[in-house]
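Next come the chains, spelled out residue by residue.
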Amino acid sequence: MFVGRDAELAALAEAWADTPSAVLVVGEAGMGKTRLATEFAGRVDARVVTGGGDPGGLPYSVFVPVLRRLVREHGAPFGPGELARLLPELGVPAVDLGRARLFEEALQVVEKAGPLVLVLDDLHWADQASLDLLAFLLRNLTGGGVMVVATSRTVVRLPGARTLWLPPLGRDEVARLVGSRPGAGLDVIMARSEGNPLFAEALADCGTAVPDSLRDVLLGAADKLPSPCREVLRVAAVAGRRVDHPVLLAAAGVGELALDEALRPLVRARLLLVDGDGYRFRHALIRDAAYDELLPGERKRLHARVAAALEGLTGDGVSETASGAAGHWRAAGEPERAFAAAVAGRRWDLALDLWPPAEPPPGLDHARVLELAARDALHAGEARRAEDLTTSALSEVTGTRRARLLELRVTVRDQLGEDGLSDLHEAVRLAPGDARLLGALATTLAWNGQDTEARRHAEQALHLGDTRSLTTLAALTALEGDLATAATLYTQARTSSVTSSGSLGSGRVPGLGAGAEVVDEDAVLMAYASEADVLEAAGEHARAEAVARAGIQRAERSGMARSRGALLAANLAEPLSSLGRWREAREVIGVALALDPPPIYRAWLLMVRGTVAVWEGALDEAAAVVDEARPLMLGRSRGYDSCLEPDLLECRLAEAFGDRLRVRRLAGHVLEAHDLTLSRRYAWPLLVIAARAGALTRAPDGVATVGRVQRAHRVTFEAELGGSWEEAVGAWRSVGQPYMLGWALLRAAQDGQVREASGPPRSGRRDGGESRKGQRGRSRVGDGLREAGEIAARLGAGPLRREVEAFAAAGRVDLDGAGHGLTARELEVLGLVAEGLSNRQIAERLFISARTSGVHVSNIMAKLAVSSRVEAAAVARRSGLI
């Protein structure tokens, strides 16, 4: 099955359009090079002939099957000739004319066969004679219609050839490739295959073990190496996908020179790659295949050696080496040493699996390990597991410890899209003076629109020492419109997120010194996310983008890309979509979704993707987004906006489908079931759609309008009910959202024509003022439509483009002409020409001389490329100039 590779197929098609041409497709074994070449060849209207390299092949072995087929179909150009040396069926050449003659004959055969696609596989195995012949052909092909598509695992220098690197498949593409076949789950397949199609299909068929069908591909080169090389490869396989040189040296038990001699052939064979100060397996499955071949006793011994090697290291990364040693001691059958290493390395998931130890460290009980494991799971983006662990810990504690765990469960359930307000109230009741709990309660109250109570609790929490409350206060300040003060508070929140190890939970964290200062990375990242969110809501799109990007970089450095990093990815995708950079937004969303983020973050990412899909006209994709995201956003973990955002997307989708009745039903549900005064961002956009569908004639009382974006939505709402579309255009122009500006321009043009058409009837001849006013109005309509059309084309906004084109056609507006270069005065004169006025009459109407009037008419006819006044009037009407 062939999936993906759209960009690569497009590159091949581009080369085919410019023959003679050559493309070298490069990728590791199993990446789908031949499959891509075959797929492309099947799509072109040309003869396709294949050849390829072979280990130990004879000279010209790449071209023998190619030339044989072409000669059979077209004949040899010079009789038996030198080609007979490669194709015995042609007979024996009378004299040896040398390689130059052979190459010329091959060139004649190839050029005569066009249109032709030569697919040459596995050039990494090609003999030198074949490469020489290929280079000659590429230098000397002159006629069109011949293309060479070559594949290789390594780069081969070919004159004039474009090199096309074949990347791994993405998650969605692997999912389509493996389908519903049994075997390993998609996450496992993706992780182990690393997007290699051959490996992915084999794992889907055979499960988690390395399939026998891949063993020769993976380890064939290793089988030919000396025993010391294979032994080092085994040690490296036990150490993991990557191993530092000092660890490998200690675990292998050989000297420096002996290790170097064993490693050099492994690196040459590309089984291992040099990676900084260590070595990395070229592919995870090579490591897995080498590991699977170890005997049980051999594995235990090697794991123990690697664990000891890790523990023997000293320096700044002691906790990291202890963390790595824990897993190796466990695999070596040493549970007590594994537990000690897990605690030292803060591997709480492993410590939990190994519980109970013979002698637990002081201050560490089962509930504490559950809590620490839950925090690790939360930061890793495993919200469901974090919830299970936290709930288990809650069953084992009381009092203040229970309050802290309730706070943790609120944070976890927030990522699951669930409301945690009841848990927080209980936690504050159990520990009424706890600053962190008061701060968490303030945050949740703010999300639910209870601003006064939120600010009171946040200020109290900050007074008691909870610096995380600075983020809540900053958000509340921004919602009041004071972005400058909010920015200062956000900066303070990030720089103040340093705490002692004992305040990260109930009790000191084993493995850290008492009172050691650590950065609360979660608090820092939430400050970035909140600031990006309020900036986007305020219409500060460029600033929101910059803050979100800084936060994503911080999340990646702190190992939280899957959790808070995914939240920040949604914060980045929003301003990108607002700015009209939809392709970038989709790329950001795709990267974040591939990490399998927590449910609520996944839903927010999908919301942005669905909105962009509606704007682009990809309505089926948007409908699929609604179906996937709706179940993830049933709770109110972030207040009313968590409920209203999917409602808004559904309304936009129904409107795009032209289902006015469904829009009215959805709008009616929103107005009846929700208090829009509690919405920060989505009330006015929903009211705009409701007004456009005729579902209401006035806005509910108390809906807030803070910031440029909300003001632009409110003005648009008023325009839908008869207000000024020119004002709406100005509002969206100041916000800098091109898509919304495009629709406002279109609606302003429609409104302008409606008003003109419904104006008072005129009898007799129009006076000059009326003519000029009407002409200017029609000019503004045309200019607005043209700008809306340009925006739609630039963004790829299909529905907007179609609406603009339909209205322009109905109104006879030339979207491309842009006025034909006529000046404002010439447009006035043209309108009077169309009324049938003579030059003298035009002069009287405009208070100019008859000679000047005649000059204007001559200029108009030249610019419109017409030869008569009647033609000029006709062109003007067709182009929408009058």
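Residues numbered from 1 in each chain as written. Predicted model: local features only at pLDDT ≥ 70, side-chain atom pairs only at ≥ 80, totals over all residues. Heavy atoms only, no water.

**What about the pattern of salt bridges?**
With the rule as written, the count across this model stands at 57 salt bridges. The salt bridge involving Asp451 is made with Arg680; its shortest N-O contact spans 2.2 Å. With Asp451 in helix 23 (residues 451-463) and Arg680 in the loop between helix 33 (660-673) and helix 34 (683-692), the pair connects residues that are 229 residues apart, well separated along the chain. Residue classification places Asp451 among the partly exposed positions, given a relative accessible area of 27%. (Salt bridge = Lys/Arg side-chain N within 4 Å of Asp/Glu carboxyl O. Helix = DSSP H or I, 4+ residues; strand = E, 2+ residues; numbered from the N terminus. Buried < 20%, exposed > 50% of the residue type's maximum accessible area, 1.4 Å probe, protein only.)

**Considerations on the nonpolar core**
Leu219, Leu233, Leu248, Leu263 and Leu266 are the most contacted members of the largest nonpolar core, which totals 97 residues. In this structure Leu266 touches Leu225, Cys229, Val232, Leu233, Leu271 and Leu272, once residues within four positions along its chain are discounted. Listed in part, the 76 residues of the second largest apolar core include Ala712, Val715, Trp725 and Val729. (Core = buried A, V, L, I, M, F, W, Y, C linked by side-chain atoms within 4.5 Å. Contact = heavy atoms within 4.5 Å.)

**Observations regarding the sheet that holds strand 7 (residues 272-275)**
Reading across from one edge, 6-8-7 is the order of the 3 strands in this open sheet, with antiparallel pairing throughout. Here the strands that pair on one side only, and so sit at the sheet edges, are strand 6 (242-244) and strand 7. Sheet twist, expressed as the mean angle between neighbouring strand axes with direction ignored, is 25 degrees. Examined bridge by bridge, strand 6 and strand 8 (residues 278-281) share 3 bridges and lie antiparallel to one another. When the bridges of strand 8 are listed, Val243 appears paired with Tyr279. (Pairing = 2+ DSSP bridges. Axes fitted to C-alpha atoms, helices over the stretch in contact; angles between N-to-C directions.)

**A few points about the sheet that holds strand 5 (residues 162-165)**
Taking strand neighbours across the sheet as the criterion, the 5 strands line up as 2-3-4-1-5 in an open arrangement whose pairing is parallel. The strands lining the two open edges of the sheet, one partner per strand, are strand 2 (47-52) and strand 5. If you compare each strand with its neighbour and ignore which way they point, the axes differ by 20 degrees on average. Helix 1 (residues 6-16) contacts strand 1 (21-26), strand 3 (116-121), strand 4 (146-152) and strand 5 of the sheet and is inclined by roughly 165 degrees relative to strand 5.

**Quick word on the pairing of strand 1**
By the criterion of burial, strand 1 is predominantly enclosed, with 6 of the 6 residues buried. Side chains Ser21, Val23 and Val25 project from strand 1 onto one buried face, and the interleaved Ala22, Leu24 and Val26 project onto a second face that is buried too. Judged from the 6 bridges that link them, strand 1 and strand 4 form a sheet pairing that is parallel. Within strand 4, the residue paired with Val25 across the bridge is Thr151. Examined bridge by bridge, strand 1 and strand 5 share 4 bridges and lie parallel to one another. Residue pairing for strand 5: Val25 is matched across the bridge by Leu164.

**Considering the packing of aromatic side chains**
Under the definition given, this model contains 9 aromatic pairs. Ring centres of Tyr739 and Trp743 lie 6.4 Å apart, and the angle between their planes is 75 degrees; on these two criteria the pair is classed as edge-to-face. Within this pair, Tyr739 and its partner Trp743 are both found in helix 37 (residues 738-757), separated by 4 residues, close to a single helical turn. You can call Tyr739 buried: its relative accessible area is 8%. Here the aromatic cluster, defined as three or more aromatic residues joined through ring pairs, consists of Trp582, Trp615, Tyr739 and Trp743. Above the face of the Tyr291 ring, Arg287 is positioned so that its terminal group lies 4.8 Å from the ring centre. (Phe/Tyr/Trp six-rings, centres within 6.5 Å; stacked < 30°, edge-to-face > 60°. Lys NZ or Arg CZ within 6 Å of the ring centre and 35° of its normal.)

**Let's talk about the packing of helix 10 (residues 227-239) against helix 13 (residues 284-292)**
In the contact formed by helix 10 and helix 13, the axes pass within 9 Å of each other and the chain directions differ by 110 degrees. The pairing of helix 10 with helix 13 is recorded here as roughly perpendicular in orientation. Here Leu233, Ala237 and Val238 of helix 10 come into contact with helix 13, specifically with Arg287, Ala290 and Tyr291. (Parallel < 35°, antiparallel > 145°, perpendicular 65-115°, else oblique.)

**Examining the environment of Glu407**
Residue position: Glu407 is located in helix 20 (residues 399-415). Taking relative accessible area as the criterion, Glu407 reaches 9% and is therefore assigned buried. The sequence separation of Glu407 and Leu438 amounts to 31 residues, and the corresponding C-alpha distance is 9.9 Å. Ignoring anything within four residues of it in the chain, the contact list for Glu407 reads Arg436, Leu437 and Ala440.

**What to know about helix 13**
Along an α-helix, a turn takes 3.6 residues, which lines up residues three or four apart on a common side. With 8 of 9 residues buried, helix 13 is to be regarded as a mostly interior element. Of the residues making up helix 13, those classed as buried are Ala284, Leu285, Ile286, Arg287, Asp288, Ala289, Ala290 and Tyr291.

**With respect to unusual backbone geometry**
Residue Pro20 follows Thr19 across a cis peptide bond; omega there is 0 degrees. Mapped onto the elements, Pro20 comes out in the loop between helix 1 and strand 1. Omega for the bond connecting Trp355 with Pro356 falls within 30 degrees of zero, at 5 degrees, which places this linkage in the cis form. Among the structural elements, Pro356 can be located in the loop between helix 17 (348-353) and helix 18 (366-379). The backbone of Arg5 sits at a positive phi, close to 60 degrees, despite the residue not being glycine. Of note, Arg5 is situated in the segment before helix 1. With relative accessibility at 6%, the residue Arg5 sits in the buried group. You will see that Arg270, though not glycine, has its phi angle at about 60 degrees, which is positive.

**Focus: the environment of Thr488**
Here Thr488 is to be found in helix 25 (residues 483-495). Taking C-alpha positions, Thr488 is 8.0 Å from Ala474, a pair spaced 14 residues apart along the chain.

**Some points on the side chain of Ser577**
When you line up the elements, Ser577 lands in helix 28 (residues 564-578). Residues in contact with Ser577, not counting those within four places in the same chain, are Trp582, Ala585, Val608, Val612 and Trp615.

**Description of the packing of helix 22 (residues 435-447) against helix 24 (residues 469-479)**
Two numbers describe how helix 22 lies on helix 24: the axes approach to 9 Å, and their chain directions differ by 25 degrees. As the angle between them shows, helix 22 and helix 24 are arranged roughly parallel. The hand of the helix 22/helix 24 crossing is left-handed. Counting all contacts with helix 22, which are made through Gly439, Ala442, Thr443 and Ala446, the residues of helix 24 involved are Ser469, Thr472 and Leu476. Counted by class, the contact of helix 22 with helix 24 contains 3 nonpolar, 4 polar and no charged residues. (Left-handed = near helix turned anticlockwise from the far one by under 90°. Nonpolar A, V, L, I, M, F, W, Y, C, P; charged D, E, K, R; others polar.)

**Quick notes on the pairing of strand 7**
In this sheet, strand 8 lies alongside strand 7 in antiparallel orientation, the contact comprising 4 bridges. Bridge pairing in strand 8 links Leu272 to Phe281. Linkage of strand 7 to strand 8, two consecutive antiparallel strands, is achieved through a turn of 2 residues, within which Gly276 is found at a positive phi near 65 degrees.

**What to know about the side chain of Ser563**
Relative to the helices and strands, Ser563 resides in the loop between helix 27 (541-557) and helix 28. Setting aside residues up to four positions removed in sequence, Ser563 forms contacts with Leu378, His379, Gly381, Gln415, Pro598 and Tyr601.

**Comments concerning the confidence of the model for the protein**
As a general rule, the predicted coordinates of low-pLDDT regions are not to be interpreted in detail. Model confidence for the protein is summarised by a mean pLDDT of 85, while 87% of its residues fall at 70 or above. For the protein, the element scoring lowest by mean pLDDT is strand 9 (residues 498-500), at 53; helix 28 scores highest, at 96. For residues 500-509, every residue scores under 50 in pLDDT, and the model assigns this stretch 30 contacts once sequence neighbours within four places are set aside. Ignoring residues within four places in sequence, the model shows residues 761-766, a span with pLDDT below 50, making 4 contacts including any to other chains. (pLDDT = per-residue confidence, 0-100.)

**Observations regarding the environment of Ser578**
Counting through the fold element by element, Ser578 comes out in helix 28. In this structure Ser578 comes out as buried when scored by relative accessible area, which is 9%. Sequence separation of Ser578 and Val735 is 157 residues, and the distance between their C-alpha atoms is 9.6 Å. If we skip the residues at most four places from it in the chain, Ser578 touches Glu536, His541, Gly736, Gln737 and Pro738. A polar atom in the side chain of Ser578 sits 2.6 Å from the side chain of Glu536. (Polar contact = N/O pair within 3.5 Å; in protein donor to acceptor, adjacent residues only side chain to side chain.)

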